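These are the residues of each chain, in order.
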Amino acid sequence: MTPKTRQNTIMGFDAGMGALKVYGQAGGLQFQSQVAHNGTQKVQASMGLTRQVSPLHIQSEFGSFYVGPSAHLWGRAVENNGYDKLIGAPEMRTLTFGIYTRYIQRYGAIKKPLSIVVGMPQEPLTGDDAKANIAAVKKWMMGKHQWIADGQAYEIEIAEVNITSQPVGALFDYLLTEEGSFIPDRKSAFKSETGIISIGFNTIELLVVENKKIVQKFTAGTTAGVRRLLDIVNSQHGNAYTLGELDTKLRENNLDIKPFLPIWESEVSGVIQQHWGATWKRFAKVLLVGGGAALLKNTLPYKFNGKAFVPDNPVSSISRGLYKLRVQTENRKRK
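Since the model is a prediction, treat every value here as computed from it, not as a measurement.

## Digging into the confidence of the model for the protein
Low pLDDT marks stretches whose predicted atomic positions should not be read closely.
Reasoning step 1: Of the residues in the protein, 93% reach a pLDDT of 70 or more, and the chain-wide mean stands at 90.
Reasoning step 2: In this model, residues 1–6 is a region of pLDDT below 50 whose contacts with residues beyond four sequence positions or in other chains number 11 contacts.
Reasoning step 3: Across residues 40–51, confidence stays below pLDDT 50; counting only partners more than four residues off in sequence or on other chains, it has 4 contacts.

## Some remarks on the packing of helix α3 (residues 166–175) against helix α8 (residues 317–334)
Reasoning step 1: Interaxial distance between α3 and α8 falls to 7 Å at its minimum, and their mutual angle equals 70 degrees. When the axis of α3 is compared with that of α8, the two are roughly perpendicular. Of the residues in α8, those in contact with Gln166, Val168, Gly169, Ala170, Phe172 and Asp173 of α3 are Ser317, Ile318, Arg320, Gly321, Leu322, Lys324, Leu325 and Gln328.
Reasoning step 2: For the contact of α3 with α8, the residue count by class is 6 nonpolar, 5 polar and 3 charged.

## As for the pattern of salt bridges
Reasoning step 1: Summed over the entire model, instances satisfying the criterion amount to 10 salt bridges.
Reasoning step 2: Close ionic contact of Lys21 with Asp14 constitutes a salt bridge, the shortest N to O distance being 3.6 Å.
Reasoning step 3: Classification of Lys21 as buried rests on a relative accessible area of 9%.
Reasoning step 4: Look at Asp14 and you get buried, because its relative accessible area is 2%.
Reasoning step 5: Lys333 serves as the salt-bridge partner of Glu330, at 3.4 Å between the closest nitrogen and oxygen.

## What about the environment of Val233?
Reasoning step 1: Its place among the elements puts Val233 in helix α4 (residues 226–235).
Reasoning step 2: Val233 sits in the buried class, given a relative accessible area of 1%.
Reasoning step 3: The spacing of Val233 and Lys191 is 42 residues in sequence and 41 Å in space, taken between C-alpha atoms.
Reasoning step 4: Apart from residues lying up to four places away in sequence, Val233 is in contact with Leu255, Ile257 and Phe260.

## Digging into the pairing of strand β15 (residues 285–289)
Reasoning step 1: Judged by how many residues are buried, β15 sits mostly within the fold: 4 of 5 residues are covered.
Reasoning step 2: Sheet analysis places strand β11 (residues 194–199) next to β15, joined by 5 bridges and oriented parallel. Its bridge partner being in β15, Ile197 is matched across the sheet by Leu288.
Reasoning step 3: When β15 meets strand β16 (residues 308–309), the two strands line up parallel, connected through 2 bridges. Residue pairing for β16: Val286 is matched across the bridge by Ala308.

## Here we look at helix α6 (residues 261–276)
Every α-helical turn comprises 3.6 residues, leaving residues that sit three or four positions apart pointing alike.
Reasoning step 1: With 16 residues, α6 should reach 22 Å at 1.5 Å per residue; the first-to-last C-alpha distance of 22 Å fits that figure.
Reasoning step 2: Those residues of α6 not exposed but buried are Leu261, Trp264, Glu265, Val268, Val271, Ile272 and Trp276. Along the axis of α6, the buried residues cluster in a sector spanning 115 degrees; they form a single face. With respect to the buried face of α6, the exposed residues turned more than 90 degrees away are Pro262, Gln273 and Gln274.
Reasoning step 3: Contacts made by the buried residues of α6 are with β11, β12 (204–210), β14 (220–222), α4, β15 and α7 (291–295).

## Topic: the packing of aromatic side chains
Reasoning step 1: Counted according to the given criterion, the structure contains 13 aromatic pairs.
Reasoning step 2: Ring plane angle 35 degrees and centroid distance 6.4 Å describe the contact between Phe62 and Phe97, whose orientation is recorded as tilted. Highlighted residues: Phe62 in the loop between β5 (56–60) and β6 (63–67) and Phe97 in helix α1 (residues 90–107), separated in sequence by 35 residues.
Reasoning step 3: Judged by its relative accessible area of 3%, Phe97 is buried.
Reasoning step 4: With 5.9 Å between their ring centres and 65 degrees between their planes, Phe218 and Phe283 make a pair best called edge-to-face. Residue Phe218 is found in the loop between β13 (213–214) and β14, and its partner Phe283 is found in the loop between α6 and β15; the two are separated by 65 residues along the sequence.
Reasoning step 5: By relative accessible area, Phe218 is classed as buried at 6%.
Reasoning step 6: Through successive ring pairs, a cluster of aromatic residues spans Phe62, Phe97, Trp147 and Tyr154.

## Quick word on the side chain of Lys85
Reasoning step 1: Among the secondary structure elements, Lys85 is positioned in the loop between β7 (76–78) and α1.
Reasoning step 2: One buried charge, Lys85, has no salt-bridge partner; the nearest side chain with opposite charge is Glu91, at 6.4 Å.
Reasoning step 3: If sequence neighbours within four positions are ignored, Lys85 has contacts with Met17, Ser33, Asn80, Glu91, Met92 and Leu95.

## A closer look at the sheet that holds β5
Reasoning step 1: Read from one edge of the open sheet, 10 strands run β3-β2-β1-β8-β10-β9-β5-β6-β4-β7, paired in mixed fashion. Sheet topology places β3 (27–32) and β7 at the edges, where each strand pairs with a single neighbour. Direction aside, the axes of adjacent strands within the sheet are offset by 35 degrees on average.
Reasoning step 2: Note: strand β8 (residues 114–120) against strand β10 (residues 152–165), 7 bridges, orientation parallel. Counted as the bridge partner of Val118 is Ile163 from β10.
Reasoning step 3: Docked against the sheet, helix α2 (residues 130–141) engages β1 (9–15), β8, β9 (143–149) and β10, running at close to 160 degrees with respect to β10.
Reasoning step 4: Across the sheet, α3 touches β1, β8 and β10, and the angle it forms with β10 is around 85 degrees.

Cut-offs applied
Residues numbered from 1 in each chain as written. Predicted model: local features only at pLDDT ≥ 70, side-chain atom pairs only at ≥ 80, totals over all residues. Heavy atoms only, no water. pLDDT = per-residue confidence, 0-100. Contact = heavy atoms within 4.5 Å. Axes fitted to C-alpha atoms, helices over the stretch in contact; angles between N-to-C directions. Helix = DSSP H or I, 4+ residues; strand = E, 2+ residues; numbered from the N terminus. Parallel < 35°, antiparallel > 145°, perpendicular 65-115°, else oblique. Nonpolar A, V, L, I, M, F, W, Y, C, P; charged D, E, K, R; others polar. Salt bridge = Lys/Arg side-chain N within 4 Å of Asp/Glu carboxyl O. Buried < 20%, exposed > 50% of the residue type's maximum accessible area, 1.4 Å probe, protein only. Pairing = 2+ DSSP bridges. Expected span 1.5 Å × (residues − 1). Arc of directions from axis to C-beta. Phe/Tyr/Trp six-rings, centres within 6.5 Å; stacked < 30°, edge-to-face > 60°. Lys, Arg positive; Asp, Glu negative; His and termini not counted.

Next comes the structure, spelled out in structure tokens:
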């Protein structure tokens, strides 16, 4: 028998292309979405050079991989930014094992089955294939999972999976406390028109909610996220890097993006203009989240004349909001 949800460990899970993010009662964590096939020969001694620490090594029934930061420097890169990755590709499963390894290492063992809310890009959640995509994600995520990370065995059980779009997580991060209660001075935004812009690694997602319902005509998603910025940078280097390698440099503040930010920001603004035009002026708030929002936080918010809101941690906002949403749902069940 599947345990009741309230007996489970609640967690938000943001299935980002650039990094997975999870958030639970203990706190949050992000894990860079790099995967490489194991097999690189290691140089054991390099006098005068800093010793490299190998990335996390995951072994499971789905293969042997390096995952996380710098994985692409240690093995043959696996770069799949298609939505098929989310519905159970070996690299997605391995990344999930990777983030839960790091979560357990930081916060302690997950002793109870998990009840997770997964935030996905909007495109695979729309159209004729939406139901099949949702069913496929639930199928591979639910159940017991076992793997070995750096020689140590790990196991978790996922007892329940609910799926929604990533911008929904951002909305509830804005509206709710971590106890699942509405923040009084923000509750009115749930009834007013509120715009959400999620700028992730792969996509820019636009969503508008009014009176607890999605305004369908303002909903859109396009592949002009942070990877587009990295593509622009890479073109200046003869496309000599993998996107994962550039992403690592970006996260380590070791990539000069200053000359290219205005070009990319112009493209981001163009996407918003194309789908929203001037209608954002009537929105009560415009929420800006995701890694791209963090990169553009000093310029993009000012285009919305005081209506923009950037959370304290725009990268973790979606996973945190999904967690809050599930907590609110459980609170209502108990009443």
